[in-house]
Amino acid sequence: MRMVLDDVWYSYPGQRGWALRGVSVSFREGELVVLLGPNGSGKTTLLKVAGLLLKPQKGRVIVEGRDYWSQPEEARQAIKKKVVYVHERPIMLKGSVERNIAYGLFLRGYREEEALEKARRLLEELGGEKLAGKDARSLSFGEAQLVSIARALAVSPHILLLDDPLSGLDLERQELLLGFLESYKENGACIVMATHDMQASRRADKVFRINMGKVLMEARS
Ligand SMILES: Nc1ncnc2c1ncn2[C@@H]1O[C@H](COP(=O)(O)OP(=O)(O)OP(=O)(O)O)[C@@H](O)[C@H]1O
Ligand SMILES: [Mg+2]
């Protein structure tokens, strides 16, 4: 799935300044894209615009050739199902870890056993098998981060937007996650990751640098 942000400007309600100032970037299937930039530069804002959660005041968000925000509601919903944004602060729902991961699958009508099975498999691949039966609200920050990433992956998004996913993970789990994402994108997904991790940016197909709401450059790594 291809996405283009075309001269996007975004300002938070009640704020005077722009959080994004004329951002133009594009992502496509089979790509791992890394977004680098200092605190407050606009990474989260850009990911939320690409995640179809924030509507820019100016500019266009083009998904598969069509201007997303001028589509009728029904068409928007169909596109939105394929695009998942994972928050920088993990959000855990009540209940066990495996149910948290299976949540999106329950919504999509999967049978209970099938959904839980898929959740456990994903957790294992990401090195979190010990967490499966735990209460999701009792997890450490890094554990919760892992679970929220697994929850997003469970629904097989075409575009996956990860907001600083490595910050709470130990080195072994960072490696597992990056390896998993590299094989996941081979199936045609697009992954966009905001990070401060230079190691991770070396493994990207594309790197965008953002500062004060402007994308400064695009570099092949
Ligand atoms: N909900 C909000 N309301 C008002 N202003 C906001 C809001 N969220 C972010 N901002 C402002 O928008 C700008 C960009 O913030 P953003 O969260 O996108 O930065 P970031 O690059 O993700 O930073 P970090 O590396 O700390 O996560 C900042 O100036 C910030 O203060
Ligand atoms: Mg951020």
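Residues numbered from 1 in each chain as written. Chains lettered and ligands numbered in written order. Predicted model: local features only at pLDDT ≥ 70, side-chain atom pairs only at ≥ 80, totals over all residues. Heavy atoms only, no water.

## Re the sheet that holds strand β4 (residues 58-63)
To be explicit about the condition: The rule for pairing is simple: two strands pair if DSSP sees at least two bridges between them. Every helix listed is a DSSP run of H or I at least four residues long, and every strand listed is a run of E at least two residues long, numbered separately from the N terminus. In what follows, a contact means two residues having at least one pair of non-hydrogen atoms within 4.5 Å. Here the axes come from fitting lines to C-alpha atoms, over the contacting stretch only for helices, and the angles between their N-to-C directions go from 0 to 180 degrees.
Taking strand neighbours across the sheet as the criterion, the four strands line up as β2-β1-β4-β5 in an open arrangement whose pairing is antiparallel. Two strands lie at the open edges of the sheet, namely β2 (20-27) and β5 (66-67), each paired on one side alone. Pairing of strand β1 (residues 3-10) with β2 involves six bridges; the strand directions are antiparallel. Pairing of L5 across the sheet is with V25, part of β2. Contacts between helix α1 (residues 43-50) and the sheet are confined to β1, β2 and β4, with β1 contributing the most and set at about 125° to the helix.

## Some points on the site of ligand 1
Formally: Neighbouring residues are identified by heavy atoms, a residue being near a molecule or strand if any of them is within 4 Å of it. Here a polar contact is taken to be a pair of N or O atoms separated by no more than 3.5 Å, where protein atoms must pair a possible hydrogen donor with a possible acceptor and residues adjacent in sequence count only if both atoms sit in side chains. Per-residue and other accessible areas follow the Shrake-Rupley method at a 1.4 Å probe size, with only the shown protein chains counted as cover for residues.
Close contacts around ligand 1 come from 13 residues, with G40, K43, T44, T45 and E88 the closest. Within the backbone of S41, an N or O atom sits 3.2 Å from an oxygen atom of ligand 1. With respect to ligand 1, the side chain of K43 contributes an N or O atom lying 2.6 Å from an oxygen atom. In isolation ligand 1 offers 630 Å² of accessible surface; the protein chains occlude 61% of this area.

## Concerning the coordination of the magnesium ion (ligand 2)
Just so we agree on the cut-off: Listed donors are limited to N, O and S atoms within 2.8 Å of the metal, widened to 3.2 Å for Na, K and Ca; water is not among them, so incomplete-looking sites are possible. Working definition: with a 1.4 Å probe on protein chains only, accessible area under 20% of the residue-type maximum means buried, over 50% means exposed, and in between means partly exposed.
Distances from the magnesium ion (ligand 2) to its protein donors, T44 (OG1) and E88 (OE), fall at 2.0 to 2.7 Å. In this pair, T44 is assigned in helix α1 and E88 in the loop between β6 (83-86) and α3 (97-107), connecting sequence segments 44 residues apart. A residue is classified by how much of its surface remains accessible, and E88, at 31% relative accessible area, is partly exposed.

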